[in-house]
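Chains, contacts and geometry: an overview
The lines below spell out each chain.
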Amino acid sequence: MDKQIDNRVEHIINNLLPATGLKNKFNPPQTLRDRMAYYHTPGVSIAVINDFEIEWARGFGLCDVRSNNKVTTETLFQAGSISKPIFALGVMWLVQEGKLNLDEDIHCYLSSWRVPANEGWQPKITLRQILSHTAGLTVRGFPGYQASEMLPTVTQILNGELPANSMKVEVNILPGTQFRYSGGGTIAAQQAVVDLLKKPFPQIMNELVLESLEMTNSTYDQPLPKRWVKRAATAHPWKGIPLKGGFHTYPETAAAGLWTTATDLAKVGVELLKT
């Protein structure tokens, strides 16, 4: 069986089909090494699901171009906006338990912040709208913070107050009328959950999702705890150049704060496939 899997892995990583501008049209097959070179990516981690199971997981390349530290199945990567759907799973578990209502005014759960009024109009938004990015909330994404920078609180982020490096989160489109991606909305939902449960957000997500799905190599802790740092991949955002400090910190935890592995994310995929 191991030999069969090895053969499947070799076939996959040596026969990748690069996309073109035409639907269902691909460029000639290339290797994973070719594609990593094309994107200036020193290391990747891959997990494959087959028939509702994780069939295999492998690491390829290096965690940092300045070292010989190889990527393994336990190498931690910043999940970026994949943090949002994992957070949404936590919200849906709370809905299933009757602790949240997707269609209730979010102010029923918020106690430390309110959606700002807009010229005398007080917007009413719901978790359903926030999770579907139809609440009309602003702030698409967040740039993160270097290790040397002071980190803002969540309410400072929502209010756009220093030391936050993003604009305030507010409603400037009639809720429910159109889609607009909003990381700011995710932070509003994060604060609602924290205000409701009165626990630190990483603890909430650990109890609701990570422990439940046995995601033992995942955390929403920001900054990344020191005991995890040695397993963390360095960010290489531009032409394979390592980011100063290794990676950014994201106090906008629900929107961008998840550290995880390919295997742990595959566990989420398996769970969703089974539901």
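To be clear, the structure that these remarks concern was listed above.
This report concerns the structure included in the present document. None of the values given here were measured: they were computed from a predicted structure. (Residues numbered from 1 in each chain as written. Predicted model: local features only at pLDDT ≥ 70, side-chain atom pairs only at ≥ 80, totals over all residues. Heavy atoms only, no water.)

1. Some details on the environment of Gly144
In this fold, Gly144 is placed in the loop between α4 (127-131) and α5 (154-159). For Gly144 and Ser166, which are 22 residues apart along the polypeptide, the C-alpha to C-alpha distance reads 9.4 Å. (Helix = DSSP H or I, 4+ residues; strand = E, 2+ residues; numbered from the N terminus.)

2. Observations regarding the packing of aromatic side chains
Evaluated as defined, the whole model comprises 4 aromatic pairs. A centroid spacing of 4.9 Å and a plane angle of 85° characterise the contact between Tyr38 and Tyr39, whose relative ring orientation is edge-to-face. You can call Tyr39 exposed: its relative accessible area is 54%. Feature note: the residues Phe87, Phe201 and Tyr220 constitute an aromatic cluster, connected by ring pairs. Taking the ring centre of Tyr38 as reference, the NZ or CZ of Arg35 above it sits at 4.6 Å. (Phe/Tyr/Trp six-rings, centres within 6.5 Å; stacked < 30°, edge-to-face > 60°. Buried < 20%, exposed > 50% of the residue type's maximum accessible area, 1.4 Å probe, protein only. Lys NZ or Arg CZ within 6 Å of the ring centre and 35° of its normal.)

3. Considerations on the pattern of salt bridges
Counted under the stated rule, the structure contains 8 salt bridges. For Arg58, the salt bridge identified is with Asp6, shortest N-O distance 2.6 Å. Highlighted residues: Arg58 in strand β2 (residues 53-61) and Asp6 in helix α1 (residues 2-13), separated in sequence by 52 residues. Look at Asp6 and you get partly exposed, because its relative accessible area is 32%. Here Arg128 ties to Asp103 by a salt bridge, and the two come within 2.6 Å at their closest N and O atoms. One end of the pair, Arg128, is in helix α4; the other, Asp103, is in the loop between α3 (83-96) and α4, with 25 residues separating them in the sequence. (Salt bridge = Lys/Arg side-chain N within 4 Å of Asp/Glu carboxyl O.)

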